[in-house]
Amino acid sequence: MSSEADDVRVLVVDDDPALAEVVARYLRRDGYEVDYAPDGEAGLRQALATLPDLVVLDLMMPGMDGFEVCRRLREATAIPVVMLTARGEENDRIAGLDLGADDYVTKPFSPGELAARVRAVLRRSAAPPAPAALLTGGDVEIDTVAHVVRRKGEPITLTTKEYDLLVCFLTHPGRAFRREELLETVWGWSIGDTSTVTVHVRRLREKVEADASAPRHLATVRGVGYRWEP
């Protein structure tokens, strides 16, 4: 059992019990405690009651689907979410990321790949705060010790990835980042879909800008990527 997995609880929400059992088996091999919910309503109820360290969430379920579960989770908590999506359904992946999911795995997938994704997301969510105790930029302030973000003095709720992105930008004000750089710095992916970055930047703008359609601080650098304007 890995010591870094001790006391870490993962909730698997999937209407396919056979697939969920395989996923749970691999996660338990890594030392995680694993709970299971057979549908979206049960998954949401269990997640809010027990507050697991991470949720593995199938998007396509009858009744309350994974999109709605993710949306409601994000209204109440910043628990990391790894989505399970059908291969080729790019719109579903983007929609899930737009709702605040931290990563995704496309079906069919190897359970080992999913376990690796879970490990990576948990490492990032447990990463130590930025060296500076207080980061500021425009109307935004991050207390990295308390892990609190405020805009105009009012607390705002960010997902793990949104928080990490904002810390990256405020730590390097005025620097233009390529999407590939952000993907590697924040997600730890040397290769991946940069639309993940685009989606998270859009969601971050909606929370830190007065007008997300005309951002003053989180600017697009044409042909490059993004830059934080103080």
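Note: the structure precedes this text.
Attention here is on the structure that accompanies the text. (Residues numbered from 1 in each chain as written. Predicted model: local features only at pLDDT ≥ 70, side-chain atom pairs only at ≥ 80, totals over all residues. Heavy atoms only, no water.)

## Side note on the overall build of the protein
Phase 1 of the analysis: Across its full length, the protein carries eight helices and twelve strands.
Phase 2 of the analysis: Across the 230 residues that make up the protein, the buried fraction comes to 47%.
Phase 3 of the analysis: If you take every contact in the protein between residues at least 6 apart in sequence, the share linking residues at least 24 apart comes to 57%.
Phase 4 of the analysis: For the protein, the exposed area adds up to about 10800 Å²; of that, 49% sits on carbon and sulfur atoms.
Phase 5 of the analysis: Taken as two groups, the 29 positive and 38 negative side-chain charges of the protein have centres that lie 4 Å from each other. (Helix = DSSP H or I, 4+ residues; strand = E, 2+ residues; numbered from the N terminus. Buried < 20%, exposed > 50% of the residue type's maximum accessible area, 1.4 Å probe, protein only. Contact = heavy atoms within 4.5 Å. Areas by Shrake-Rupley, 256 points an atom, 1.4 Å probe, with all protein chains shown as cover. Lys, Arg positive; Asp, Glu negative; His and termini not counted. Charge placed at Lys NZ, Arg CZ, Asp CG, Glu CD.)

## Description of the packing of helix 7 (residues 179–187) against helix 8 (residues 195–208)
Phase 1 of the analysis: At a minimum axis separation of 9 Å, helix 7 and helix 8 run at an interaxial angle of 80°. Between helix 7 and helix 8, the crossing angle belongs to the class labelled roughly perpendicular. On helix 8, the residues that touch Arg179, Leu182, Leu183 and Trp187 of helix 7 are Thr196, Val197, Thr198 and His200.
Phase 2 of the analysis: By residue class, the composition of the contact of helix 7 with helix 8 is four nonpolar, three polar and one charged. (Axes fitted to C-alpha atoms, helices over the stretch in contact; angles between N-to-C directions. Parallel < 35°, antiparallel > 145°, perpendicular 65-115°, else oblique. Nonpolar A, V, L, I, M, F, W, Y, C, P; charged D, E, K, R; others polar.)

## Some remarks on the sheet that holds strand 4 (residues 81–86)
Phase 1 of the analysis: The parallel open sheet is built from five strands, whose spatial order is 2-1-3-4-5. Both outer strands of the open sheet, strand 2 (33–37) and strand 5 (103–107), are each paired with one neighbouring strand and no more. Neighbour to neighbour, the strand axes of the sheet diverge by 20° on average, direction disregarded. (Pairing = 2+ DSSP bridges.)

## Side note on helix 2 (residues 40–50)
Phase 1 of the analysis: For helix 2, the set of buried residues is Gly40, Ala42, Gly43, Leu44 and Ala47.
Phase 2 of the analysis: Turning to helix 2, the residues buried within the fold contact strand 1 (9–13), strand 2, strand 3 (54–58) and helix 3 (66–76).
Phase 3 of the analysis: Structurally, the start of helix 2 carries an N-cap: the backbone nitrogen of glutamate 41 is 3.2 Å from a side-chain oxygen of aspartate 39.
Phase 4 of the analysis: Once helix 2 finishes, leucine 51 follows within two positions and takes phi at roughly 50°, a positive value. (Polar contact = N/O pair within 3.5 Å; in protein donor to acceptor, adjacent residues only side chain to side chain.)

## Examining the packing of aromatic side chains
Phase 1 of the analysis: Tallying each qualifying case throughout the model produces one aromatic pair.
Phase 2 of the analysis: Ring geometry for phenylalanine 169 and phenylalanine 177: centres 5.9 Å apart, planes at 80°, overall edge-to-face. For the residue pair phenylalanine 169 and phenylalanine 177, the accessibility class agrees, reading buried in each case.
Phase 3 of the analysis: Across from the ring centre of tyrosine 26, 4.7 Å away, lies the NZ or CZ of arginine 29, which sits over that ring. (Phe/Tyr/Trp six-rings, centres within 6.5 Å; stacked < 30°, edge-to-face > 60°. Lys NZ or Arg CZ within 6 Å of the ring centre and 35° of its normal.)

## Remarks on unusual backbone geometry
Phase 1 of the analysis: Cis geometry marks the peptide bond from lysine 107 to proline 108; its omega dihedral reads -5°.
Phase 2 of the analysis: Here proline 108 is to be found in the loop between strand 5 and helix 5 (111–125).
Phase 3 of the analysis: Positive phi, normally seen in glycine, also occurs at histidine 147, with a value near 60°.
Phase 4 of the analysis: Inspection of the secondary structure assignment puts histidine 147 in the loop between strand 7 (140–143) and strand 8 (148–151).
Phase 5 of the analysis: Phi angles above zero are rare outside glycine, and lysine 152 is one such case at about 55°.
Phase 6 of the analysis: Looking at where lysine 152 falls in the secondary structure, it is placed in the loop between strand 8 and strand 9 (154–156).
Phase 7 of the analysis: Given the relative accessible area of 58%, lysine 152 is considered exposed.

## Concerning the nonpolar core
Phase 1 of the analysis: Counting 25 residues, the largest nonpolar core has Ile142, Leu165, Leu166, Phe169, Leu182 and Trp228 as the members making the most contacts within it.
Phase 2 of the analysis: The set of elements that each furnish at least two residues to this core consists of strand 7, helix 6 (160–171), helix 7, helix 8 and strand 12 (225–228).
Phase 3 of the analysis: Of all the elements, helix 6 adds the most residues to this core, at seven residues.
Phase 4 of the analysis: Judged by nonpolar contacts, the second largest core, of 22 residues, contains Met64, Phe67, Ile79 and Leu97. (Core = buried A, V, L, I, M, F, W, Y, C linked by side-chain atoms within 4.5 Å.)

## Observations concerning the sheet that holds strand 9
Phase 1 of the analysis: Reading across from one edge, 6-7-8-9 is the order of the four strands in this open sheet, with antiparallel pairing throughout. Taken across any chain shown, the strands that pair with only one partner, and hence form the sheet edges, are strand 6 (134–137) and strand 9. Averaged over neighbouring strand pairs, the angle between their axes works out to 25° when direction is ignored.
Phase 2 of the analysis: Two strands pair when backbone bridges link them, and strand 6 and strand 7 are joined in this way by four bridges, in the antiparallel orientation. Opposite glycine 137, over in strand 7, you have valine 140 as the bridge partner.
Phase 3 of the analysis: Those strands touched by helix 6 are strand 6, strand 7 and strand 8, and its axis lies near 110° from that of strand 7.

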